[in-house]
Amino acid sequence: MPFGIYIHIPYCMSKCRYCDFHSQGASRTVPDEYVQAVLRQIAAFSPARPDTLYFGGGTPSLLSPQQLCQLIDAVDPLSDAEITLEANPETVDLAKLQGFRAAGANRLSVGIQTASEQSLRRLGRVHTVQQSRQVLQFAHQAGFSNISGDIMLALGGYTTQEFDQTLQLMKEGGVSHISSYLLKIEPNTPFFSNPPTDLPDEDAAAEFYLYSVEQLEQAGYKQYEISNFSLPQKESRHNLLYWNCDDYLGIGPAAHSCMNGIRYAFGRDTSAFIEGSSDWEQTGVCSAEDFVMLQLRLNSGLRFSQLEQRFGASLTKKMPFLRQCQQHGLAVLSDDGVALTPQGMLIQNTILCELLD
Ligand code: SF4
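Model, not experiment: these values are computed from the prediction.

A short note on the overall build of the chain
Line of reasoning, step 1. When its secondary structure is counted, the chain shows 15 helices and 15 strands.
Line of reasoning, step 2. Considering only C-alpha atoms, the chain reaches an extent of 55 × 45 × 40 Å along its principal axes.
Line of reasoning, step 3. Counting over 357 residues, the chain shows a buried share of 40%.
Line of reasoning, step 4. Residue pairs at least 24 apart in sequence account for 69% of intrachain contacts in the chain once pairs closer than 6 positions are excluded.

Overview of the site of the ligand
Line of reasoning, step 1. Near the ligand, the surroundings consist of Cys 12, Lys 15, Cys 16, Cys 19, Phe 21, Ser 23, Gly 57, Gly 58, Thr 59, Asn 88 and Gly 111.
Line of reasoning, step 2. Across the shell around the ligand, the residue classes tally to four nonpolar, six polar and one charged.

Digging into unusual backbone geometry
Line of reasoning, step 1. A cis amide bond links Gly 57 to the next residue, Gly 58, at an omega of 15 degrees.
Line of reasoning, step 2. Positive phi values are uncommon outside glycine, yet Ala 154 reaches one of about 60 degrees.
Line of reasoning, step 3. When you line up the elements, Ala 154 lands in the loop between strand 5 (147–153) and helix 6 (160–172).

Considering the packing of helix 1 (residues 32–45) against helix 2 (residues 65–75)
Line of reasoning, step 1. With their axes 10 Å apart at the nearest point, helix 1 and helix 2 run at an angle of 5 degrees to one another. Considering the angle they form, helix 1 stands roughly parallel to helix 2. When helix 1 is examined against helix 2, the residues Val 35, Val 38, Leu 39 and Ile 42 are found in contact with a partner set consisting of Gln 67, Gln 70, Leu 71, Ala 74 and Val 75.
Line of reasoning, step 2. When grouped by side-chain class, the residues that make up the contact of helix 1 with helix 2 number seven nonpolar, two polar and no charged.

Describing the environment of Leu 108
Line of reasoning, step 1. Of note, Leu 108 is situated in strand 4 (residues 107–113).
Line of reasoning, step 2. Take Leu 108: there are 29 C-beta atoms within 10 Å of it, and that puts it in the buried class.
Line of reasoning, step 3. Spatially, the C-alpha atom of Leu 108 lies 8.4 Å from that of Ile 83, the residues being 25 residues apart in sequence.
Line of reasoning, step 4. Setting aside residues up to four positions removed in sequence, Leu 108 forms contacts with Leu 85, Ala 87, Ala 139, Phe 144 and Ile 147.

A short note on the sheet that holds strand 14 (residues 331–334)
Line of reasoning, step 1. The strand order across the open sheet formed by three strands is 13-15-14, and the pairing between neighbours is antiparallel. The open sheet has two free edges, formed respectively by strand 13 (302–303) and strand 14, since each of these has just one partner strand.
Line of reasoning, step 2. The sheet strands contacting helix 13 (residues 319–327) are strand 14 and strand 15 (337–340), and the helix crosses strand 14 at an angle near 125 degrees.

Quick notes on the domain arrangement of the chain
Line of reasoning, step 1. Per the domain assignment, the segments making up the chain are domain 1 (3–241) and domain 2 (288–355).
Line of reasoning, step 2. Relative to domain 2, the C-alpha centre of domain 1 lies at a distance of 29 Å.
Line of reasoning, step 3. Between domain 1 and domain 2, the residue contacts involve eight residues of the former and six residues of the latter.
Line of reasoning, step 4. Mapped onto the side of domain 1 that touches domain 2, the elements with two or more residues apiece are helix 8 (202–218) and strand 7 (222–225).
Line of reasoning, step 5. For the side of domain 1 that touches domain 2, the element with the most residues is helix 8, which contributes four residues.

A look at the pairing of strand 7
Line of reasoning, step 1. Sheet topology places strand 7 next to strand 8 (residues 228–230); three bridges connect them, and they run antiparallel. Paired with Gln 223 across the strands is Phe 229, a residue of strand 8.
Line of reasoning, step 2. Where strand 7 folds back onto strand 8 in an antiparallel hairpin, the turn is made up of two residues.

A few points about the environment of Leu 85
Line of reasoning, step 1. Examined against the element boundaries, Leu 85 turns out to sit in strand 3 (residues 82–87).
Line of reasoning, step 2. Between the alpha carbons of Leu 85 and Leu 352 there is a distance of 32 Å; along the sequence they are 267 residues apart.
Line of reasoning, step 3. If we ignore the near neighbours within four places in the chain, the residues touching Leu 85 are Phe 55, Pro 60, Ser 61, Leu 68, Phe 100, Ala 105 and Leu 108.

What to know about the pairing of strand 14
Regular strands place side chains that alternate from one sheet face to the opposite one.
Line of reasoning, step 1. Note: strand 14 against strand 15, four bridges, orientation antiparallel. Each bridged residue has a counterpart across the sheet, and for Ser 334 the counterpart in strand 15 is Gly 337.

Let's talk about the environment of Met 345
Line of reasoning, step 1. Its place among the elements puts Met 345 in helix 14 (residues 342–346).
Line of reasoning, step 2. Overall, Met 345 belongs to the buried group, with 23 C-beta atoms counted inside 10 Å.
Line of reasoning, step 3. When the C-alpha atoms of Met 345 and Arg 297 are compared, they prove to be 7.1 Å apart, with 48 residues separating the residues in sequence.
Line of reasoning, step 4. Discounting chain neighbours no more than four positions away, the residues touching Met 345 are Ile 226 and Leu 340.

Re the nonpolar core
Line of reasoning, step 1. Ile 5, Ile 7, Leu 68, Leu 108, Ala 139 and Leu 153 are the most contacted members of the largest nonpolar core, which has 83 residues in total.
Line of reasoning, step 2. Of the residues that make up this core, three or more belong to each of domain 1 (3–241) and domain 2 (288–355).
Line of reasoning, step 3. For Ile 7, the contacting residues outside a window of four places in its chain are Val 38, Phe 55, Leu 71, Ile 251 and Gly 252.

Considering helix 6
Line of reasoning, step 1. Taking 1.5 Å per residue, 13 residues should reach 18 Å; helix 6 reaches 18 Å between its end C-alpha atoms and fits that length.
Line of reasoning, step 2. Along helix 6, the residues that are buried comprise Glu 162, Phe 163, Thr 166, Leu 167 and Met 170. The buried residues of helix 6 all sit within an arc of 130 degrees when viewed along its axis, so they share a single face. Exposed positions of helix 6 whose direction lies more than 90 degrees from the buried face are Gln 161, Gln 168 and Glu 172.
Line of reasoning, step 3. Packed against the buried residues of helix 6 are strand 4, helix 4 (117–123), strand 5, strand 6 (177–182) and helix 8.
Line of reasoning, step 4. Backbone geometry just downstream of helix 6 places Gly 174 in the positive-phi region, at approximately 70 degrees.

What counts and how
Residues numbered from 1 in each chain as written. Predicted model: local features only at pLDDT ≥ 70, side-chain atom pairs only at ≥ 80, totals over all residues. Helix = DSSP H or I, 4+ residues; strand = E, 2+ residues; numbered from the N terminus. Buried ≥ 20, exposed ≤ 12 C-beta atoms within 10 Å, placed from the backbone. Contact = placed C-beta atoms within 7 Å. Near = placed C-beta within 6 Å. Nonpolar A, V, L, I, M, F, W, Y, C, P; charged D, E, K, R; others polar. Axes fitted to C-alpha atoms, helices over the stretch in contact; angles between N-to-C directions. Parallel < 35°, antiparallel > 145°, perpendicular 65-115°, else oblique. Pairing = 2+ DSSP bridges. Domains from an automatic or database assignment. Core = buried A, V, L, I, M, F, W, Y, C linked by C-beta atoms within 7 Å. Expected span 1.5 Å × (residues − 1). Arc of directions from axis to C-beta.

Below, the structure is given as C-alpha cells:
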C-alpha cells in the first residue's frame, strides 16, 4: 500500500483575503527553529520511506533550498518518490528553483489562481500575472517537468473570458496538472466579514465549474477528481493517497494524518509545535462513510467490492437511488461500482446525504 508524508510550512508573505489555512503572514523566510522542530518529529517517529512527500502550506517556497534539502534528506523518500513543493510566484527566482530541484523536489505546485491583475489584487494575492508567467518559465529552466497550477473560479465579477485567459497562461507555461477550485467563503477570513459584492450566485458558479471542466478536457487536461485535471500520467500521486484512504503522515501545526485507519492531527499552534509541546491527537477513525465520500470525488468512482472488502459495507439498498442518479445524468453505474459525472460532483453532498442515510 502506498504511503505519503505531508510537511506543513505555516508561513506566508501576506495573508490572502479568502484563506483559512493555518499560516502566519508577514514572513519572508522560514525560521530555522521551525525546520528543527519538523526534523525532531521526523526523528522521533522515524516513518517508513514514503512513496510521496508533499510540502504544503502556507508557502513552502519560503524555505531556503538548504532547508528543503535537510528535510528531504531526513525523510529519505524512496528513489522514485514524487516530491512536491507548493510555490508562490512572488517568492522564487530561477536560482532558488534550481536549488529546490537540486535538493530533490521533482514536482512544483504553483499558486497562480487567475490571469486577471484586478482579481489578484482583490484576493489579496501579492504577485502579478507577469510573475506567474515568469515562474512557470523558470520552473522549466530549473528542470521541473511536472508542474501543477491552481485556478480559482467564480471570483467577484467572474467571466468565462477570465477563465480562458488563465487556462491560456497555464498552457503556454507548460503545466501538466491543474487544480481548479470554486472560491469558497470560509469563516474567520476577511472575505467572510466583508465579501465581494459581485460574487456569482450558486447557479452561475455551477455554470463556471461545468464550463471549466469542458475547457480543461478540450485542452487535454483530463478530470480525475472533482477539482483536479491532468495530462496523461501526471495525476498527483500524493493527493490520490488521501482520496484512496491510503496511509499518510502529516507533520506540522494543523497537519492531519491517517495511519492504519486512525486519524490524527496536530493542534493549530505554531509556537507550541516549535516548543515541542503539541503532539498528534487522535481525531477519529476512517469509516466506510469516509471511504464512499472520498472515492466519489474521483472520476474512477467507488468499487462496491472494495467497500465490501475494506469495511464489510454494502450499498445494495441504495441501488434504486443510484439508478435514479444515472437516469438524471448525475452518475454512471458499472457492474461493480458507481462514479459521479461533473453534474453529480456539483451536488455531491446531497447525493452523499441520501447514500449514507
Ligand atoms: S499564500 Fe496560500 S496559504 Fe498563504 S495566505 Fe495565501 S492562500 Fe493562504
